[in-house]
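Structural overview
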Amino acid sequence: MAVKLDRDVFFRRAEIMYKLWKEKANDVFQGADAIVWSVGQDEDITYAKSTALQTWLFGYELPDTICVLTKTGLLVLTSKKKVEFLNPLKDGGDIEVELILKSKEDNVDQFGKLIASMKQSGNGKTIGMFLKEKTRSTFVDRWGARLDKESFEKVEIGPAMALVMAPKDEAELAVIKRAAQLSSDVFSKFYKTKLVEVVDQEKRLKHSQLADAIERALSDDKKWTAGMNMEQLEVCYPPIVQSGGKFQLKFSAVSDENRLHFGVIVCSFGARYKSYCSNIVRTMLVEPSEEQQNIYVFLVELEEYLLEKLVPGAKLAGIYEAVLDRIKTKRPELETHLISTIGFAMGIEFREGSLMINAKSKATAQAGMVFNVHVGLSNLKKPGAVDEADKAYALFIGDTVVVQEHGAATLLTPAKKMIKNIAIFLKDEDEDDNEDDYEPNGNDDLIRATDGRTRSKVLDSRTRTEAQSEGKRKEHQSKLAKQMQEEAKRRLAEVRGQVTQKKTRSNNTLAYKHSSMMPQEPDIQDLKIFVDRKYNTVVLPIAGIPTPFHISAIKNISKSEEGDYSYLRINFFCPGSTFGRVDGQAFTNPDATYVKEVTYRGSCGSTGHLSTPATNLSTAFRLIKEIQKKWKTQEAERKEREGIVAQEDLQLTKKNAPRLKDLYIRPNITAGKAKSHGVLEAHVNGFRFTSYRGGTNVDILYNNIRFAFYQPCDHEMIVLLHFNLKNPILLGKKKQENIQFYTEVGEMVTDLGQSHSMHDRDDLYAEQAEREVRRKLNASFSNFKSKVEVLTRQEVEFDSPFRELGFSGVPGKSTVFVQPTTHCLVHLTEWPPFVIALDDIELVHFERVSFHLKNFDMVYIFKDYTRKVAYVLSVPMTSLDQVKDWLDSCDIKYTEGVQSLNWVKIMKTIAEDPEGFFENGGWTFLAPESSEEESEGGESDIYSPSEGGDDPDGTLSEEDYESGSESEEEDLEDFSGEDEELGSDESEGKDWDELEKEAKEADFRRGSTWEEEQQLADSRKRKRHDNRSNSKRKR
């Protein structure tokens, strides 16, 4: 047979059955003395308890087989081949198994043996059977007729067997997870994409046609079923697709022949793998109203609340009542719309009728049980709907979940269901200036998947690939400019009444808080220099008085020897001596009298050897240097700890935590250049990275993650997970806002000196091996990502870069490939990373935009005007339109100019008086239309081009801009001068003598040096200038 019998599984599960039978013999087993079940040959029956029990025990369905379970053992009556299959059960087990060979005749003797064993089991009066099942075959019918002649009392044991098989072991859960993942993948990668395409192209598709396509993807399409045994894969039930106001929130519904209506679309389906079922239910919303979105969000919250209540020991009826009470409290108007059953146990059978989550259920949840939870609201009305099909609608969501030993139930179908993931919004007609400007099959004319944020317009399933017209962009940008100005003014008005206080630390720079703390040392009494290491203080004798100075007051110290004397010079911080204190704090009383410098002289003695005064100075110099170094180290560590928020403790998962092995972490957490190698685990409330070397732990809590990124290794040499944090954490002695975990793919360096051939088998094998490694790594990281999103209930949601929207640039020291994501602009491959949140950006300015330049620069101005602007330099000019399209689609205002500006001075001026800045026009000075006003002196010189030192990369100096502007002015003068000369009475054309002279100069120039050519060019330039001056004087 194709399936091999697992003896260990059989005896382990049979022991579970016997144990429960013994514990609840008079309860759910209703006093049964023996249990009898038979399987016929009716192929029309998909789900049956007898078949499920066979599969659970033997791992295979055995048609025309009768099983009798007594108090002492199991008797099986079946055919010869099946007896051979079951033979391994006869020896070595705790339960006695007797196999009886079925004959081709009436099997009178065999039936008699089974009935005799039943009478000897227990009291021999009551037998448990699946009374509601009607399995048919000639063999089973004869057995039924023989059994009816006996006087046994028959009781229903279906609920008892359901309770036995409901808690799943590790092997069963692994199969169910595989089936659930397939259902989730088909929804996310096939159904959702297919539906977006149908809505986009306004295809006329029937419900049944879409359901058939889903069924083919579940059972036949190897794209989604890679690595699965296709012979053991099927659908749990025909997929159900409903829309157009007619909804039946039942799994017995049928996809009708009506056409798909672009409104509320409910779909449910499930994959069945190796006889174990899974299920997923999702509702897609096309152009939902605000009320529909709010109800859907509440429905998702209800399901999450249900999962919180689905814990071991919870009564299923109590869970239903808790959900109903939640509706009464939050949205009482929806109470009557809740469906009567919101879940049921699932396994080999799709639906277990005795383990349903409804008001009538008497069962309790146990750890390991798998449920199909589904929350639905039916018969909802959409106010103001014009179309008859939109007036009535329903919302339905469902998932496959498993009950955990501790905590809420866990999702096994990770397909996203938040409103941002299932809502489809059509582009408004008023956004189109002229529909004729678009091609009929354009990708940008209908669909955009919203994610609930105005910034995140990068599509989840598709991106715009056709450039918008310049006129359309300008119109949209003008609207964005007004919105930006209004938003900035509103933001400033909100914070105007708030008093911003600078963070000040406790005054720990005092030498001594009280005079009594002054040490009574002999050196102080003798008016010598004394260094107090305990309080980081230097006591200096000044005018005969010991005067303490904290080490932070000392700017620098030097020691020198001249002749017979040694000099110790101490310089102090004081107003006017420097731009600010080392610790960044201003002087509290700058009008007071400060000591700027103190010099001490000590005698070296006549013999040239150091005497006692000089020795004291040398000792004081050494000690002051030591505590000064110690103080600076402490201050540096203190500054690193600023902004660090205390995190809660990590709650560890006891077992089966999602993990990734053999990862590297950046930044490095070990000393030296050796990379830190370890394992990353996802626990209850955060991640933990444990280094193999030294066992160092790095904890990252879920609630401290602002953005999470997953970048596959399709076009890179590493596959990575990157976390951008809300609050920095300390790694070593430095605070970090970006933590990355990655694995390298292949060799980072290739020896180009080796000879290679396209037909070299070793190279071909190496390439194939590398492709396989890439595929496995991507699958491993993607699987970990999905598990984390399910574990955190999408509190941590990973984003991936859109490579097709990327462009080259220099955000740091080297040229890299910068890529947008849904919420950010990032480059993650090289370290340090580049991460900018789109929500933080107020404006993007393009510098050095000119047709004769190959590159331009991007400047990112943030809404927080105290934050330093960010740069991406040397972006290829060919990417300008693409970048503009992306920024415009993200509703980000951009401007452009030909020169680089002094952004340090600009932002300083804006931060000092933001209200005045916007009263004077705000960012309008960056617009191209304001160039004429600026040339007339309309703007301050603060907004003038930056000097050489202010250029971010030092590639463009002020001289470059001056020379460029001079050449442009000369060109304009040449052009205007030619027009004037052509319109004058006297033509200044060249005669033959001048032309001949120029030809001689050209011949001479072919052999001349570079300096001579420059001199010749300068002389010609002066000559043209003189000619223009003469022509003007003549006129």
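Rules used in this analysis
Residues numbered from 1 in each chain as written. Predicted model: local features only at pLDDT ≥ 70, side-chain atom pairs only at ≥ 80, totals over all residues. Heavy atoms only, no water. Helix = DSSP H or I, 4+ residues; strand = E, 2+ residues; numbered from the N terminus. Buried < 20%, exposed > 50% of the residue type's maximum accessible area, 1.4 Å probe, protein only. Contact = heavy atoms within 4.5 Å. Areas by Shrake-Rupley, 256 points an atom, 1.4 Å probe, with all protein chains shown as cover. Phe/Tyr/Trp six-rings, centres within 6.5 Å; stacked < 30°, edge-to-face > 60°. Pairing = 2+ DSSP bridges. Polar contact = N/O pair within 3.5 Å; in protein donor to acceptor, adjacent residues only side chain to side chain. Axes fitted to C-alpha atoms, helices over the stretch in contact; angles between N-to-C directions. Parallel < 35°, antiparallel > 145°, perpendicular 65-115°, else oblique. Nonpolar A, V, L, I, M, F, W, Y, C, P; charged D, E, K, R; others polar. 1 Å grid on protein atoms, 1.4 Å probe; cavity = no way out; pocket = protein on both sides within 12 Å on 5 of 7 lines; lining within 4 Å. Points joined across faces, edges and corners; volume = space filled by probe spheres on them. Salt bridge = Lys/Arg side-chain N within 4 Å of Asp/Glu carboxyl O. Core = buried A, V, L, I, M, F, W, Y, C linked by side-chain atoms within 4.5 Å. Left-handed = near helix turned anticlockwise from the far one by under 90°. pLDDT = per-residue confidence, 0-100. Arc of directions from axis to C-beta.

Within the chain one finds 23 helices and 41 strands. When each of the 1035 residues of the chain is scored for burial, the buried share is 46%. Residue pairs at least 24 apart in sequence account for 65% of intrachain contacts in the chain once pairs closer than 6 positions are excluded. For the chain, the accessible surface area stands at approximately 55500 Å², while carbon and sulfur atoms represent 48% of it.

Moving on, we come to the packing of aromatic side chains. The full count for this structure, using the stated rule, is 32 aromatic pairs. Plain terms: the ring middles of Phe687 and Tyr702 are 5.1 Å apart, the flat faces sit at 90° to each other, and that makes the pair edge-to-face. Residue Phe687 is located in strand S28 (residues 686-691), and its partner Tyr702 is located in the loop between strand S29 (697-701) and strand S30 (705-711); the two are separated by 15 residues in the primary sequence. When its relative accessible area of 3% is taken as the criterion, Tyr702 is described as buried. Here Phe723 and Phe741 contribute two aromatic rings whose centre-to-centre distance is 6.0 Å and whose plane-to-plane angle is 65°, an arrangement assigned as edge-to-face. With Phe723 in strand S31 (residues 718-731) and Phe741 in strand S32 (residues 734-744), the pair connects residues that are 18 residues apart, well separated along the chain. Phe741 shares its class with Phe723; the two are buried.

The pairing of strand S23 (residues 554-562) with strand S24 (residues 565-572) spans eight bridges and is classified as antiparallel. The residue of S24 that forms the bridge with Ile557 is Ile570. In this structure, the hairpin formed by S23 and S24 is closed by a connection of two residues, where Gly563 is found at a positive phi of approximately 65°.

Glancing now at the side chain of Asn571. Residue position: Asn571 is located in strand S24. For Asn571, a relative accessible area of 15% translates into the label buried. In terms of polar contacts, Asn571 uses its side chain to reach the side chain of Asn556, at 2.7 Å. Dropping the residues within four chain positions of it, Asn571 is found in contact with Ala553, Ile554, Lys555, Asn556, Lys596 and Glu597.

So, about the packing of helix H1 (residues 7-23) against helix H2 (residues 49-58). Interaxial distance between H1 and H2 falls to 8 Å at its minimum, and their mutual angle equals 130°. With respect to each other, H1 and H2 are oriented oblique. The segment H1 lies against H2, with Phe10, Arg13, Ala14 and Met17 engaging Leu53, Trp56, Leu57 and Phe58. Each residue belonging to the contact of H1 with H2 can be placed in one class, and the counts come to seven nonpolar, no polar and one charged.

Time to look at the sheet that holds strand S34 (residues 807-809). Across a sheet, paired strands are connected by hydrogen bonds in the backbone, their directions being either parallel or antiparallel. Taken together, four strands build an open sheet; the order of strands is S34-S35-S36-S37 and the sheet is antiparallel. The open sheet terminates on both sides in strands that have one partner only, identified here as S34 and strand S37 (834-837). The average undirected angle you get between the axes of adjacent strands in this sheet is 25°. Pairing of S34 with strand S35 (residues 816-820) involves three bridges; the strand directions are antiparallel. Within the sheet, the bridge partner assigned to Gly809 lies in S35 and is Val816.

Looking now at empty space enclosed by the protein. Taken as a whole and judged by the stated rule, the model has four cavities of 30 Å³ or more. By volume, the largest cavity amounts to about 140 Å³. Taken together, 14 residues form the lining of the largest cavity, with Met165, Lys168, Gly347, Ile348 and Glu352 sitting closest to its centre. At the level of elements, H2, helix H6 (158-165) and strand S14 (352-358) are the ones that each hand at least two residues to the lining of the largest cavity.

Applying the stated rule across the entire model yields 41 salt bridges. Here Glu150 makes a salt bridge to Lys119, at a shortest N to O gap of 3.1 Å. Within this pair, whereas Glu150 is found in the loop between helix H5 (138-148) and strand S6 (153-156), its partner Lys119 is found in helix H4 (residues 108-120), the two being separated by 31 residues in sequence. Across the pair Arg867 and Asp840 runs a salt bridge, and its minimum N-O distance is 3.5 Å. Linking Arg867 in the loop between strand S39 (855-862) and strand S40 (870-876) with Asp840 in the loop between S37 and strand S38 (841-847), this pair joins segments that are 27 residues apart in sequence.

Most of H6 is tucked away, with seven of its eight residues classed as buried. For H6, the complete set of buried residues consists of Gly158, Ala160, Met161, Ala162, Leu163, Val164 and Met165. Lining the buried residues of H6 we find H1, strand S1 (34-39), H2, S6 and S14.

Let us now look at the sheet that holds strand S11 (residues 276-277). Taking strand neighbours across the sheet as the criterion, the three strands line up as S7-S10-S11 in an open arrangement whose pairing is antiparallel. In the strand order of this sheet, the two ends are held by strand S7 (233-235) and S11, each with one partner. Taken together, the two bridges between strand S10 (residues 271-273) and S11 define a ladder with antiparallel strand orientation. Looking at S11, one finds that Tyr273 is bridged to Tyr276. Docked against the sheet, helix H7 (residues 170-201) engages S7, S10 and S11, running at close to 150° with respect to S10.

Residues Thr126 and Gly128 point to one face of strand S5 (residues 126-129) and Ile127 and Met129 to the other, with burial holding for every one of them. Bridge analysis of S1 against S5 gives two bridges, and the strand direction is parallel. Opposite Ile35, over in S5, you have Gly128 as the bridge partner. Sheet topology places S5 next to S6; four bridges connect them, and they run parallel.

With that settled, the discussion passes to the environment of Pro414. Along the chain, the position of Pro414 falls in the loop between strand S17 (410-411) and helix H12 (419-422). Separated by 380 residues in the primary sequence, Pro414 and Gln794 have C-alpha atoms spaced 9.0 Å apart. Among all residues touching Pro414, those that are not within four sequence positions of it are Gln181, Ser184, Ser786, Val790 and Gln794.

Turning our eyes to something else, we now look at the nonpolar core. The biggest cluster of nonpolar side chains holds 142 residues, and the ones touching the most others in it are Phe58, Met161, Tyr191, Leu310, Ile357 and Phe371. The contact partners of Phe58, leaving out residues within four places of it in the chain, are Leu5, Phe10, Cys67, Leu74, Phe85, Leu86 and Leu89. With 30 residues, the next largest nonpolar core counts Ile665, Ile700, Phe723 and Leu725 among its residues.

A few words on the packing of H1 against H6. Packing of H1 against H6 brings their axes to within 10 Å, and their N-to-C directions diverge by 130°. Overall, the two elements H1 and H6 adopt an arrangement that is oblique. As for the relative orientation of H1 and H6, their crossing is right-handed in sense. Here Ile16, Met17 and Leu20 of H1 come into contact with H6, specifically with Ala160, Met161, Leu163 and Val164. Tallied by class, residues from the contact of H1 with H6 come to seven nonpolar, no polar and no charged.

For the rest of this paragraph, the subject is the confidence of the model for the chain. The pLDDT averaged across the chain works out to 81; a share of 79% of its residues lies at or above 70. For residues 930-942, every residue scores under 50 in pLDDT, and the model assigns this stretch 11 contacts once sequence neighbours within four places are set aside. Here residues 1007-1011 is a poorly scored stretch, pLDDT under 50, and it has one contact once near neighbours within four places are set aside; other chains count.

This part covers the side chain of Gln293. Structurally, Gln293 is set in helix H9 (residues 290-309). Dropping the residues within four chain positions of it, Gln293 is found in contact with Pro288, Ile419 and Phe425.

What H5 keeps buried is the set Phe139, Val140, Trp143 and Leu147. Along the long axis of H5, the arc covered by the buried residues comes to 95°, so they all point the same way. Among the exposed residues of H5, those oriented more than 90 degrees off its buried face are Thr138 and Asp148. In this structure, the buried residues of H5 make contact with S1, strand S2 (65-69), strand S3 (73-78), H4 and S5.

As a further point, take unusual backbone geometry. Looking along the chain, the bond that leaves Arg666 and enters Pro667 is cis, with omega of 0°. Position of Pro667 relative to the elements: it lies in the loop between strand S26 (659-666) and strand S27 (677-682). Following Trp831, the chain continues into Pro832 via a peptide bond in cis, with omega recorded as 5°. Along the chain, the position of Pro832 falls in the loop between strand S36 (824-827) and S37. In this structure, Asn536 takes a positive phi of about 50° despite not being glycine. Residue position: Asn536 is located in the loop between strand S20 (530-532) and strand S21 (537-542).

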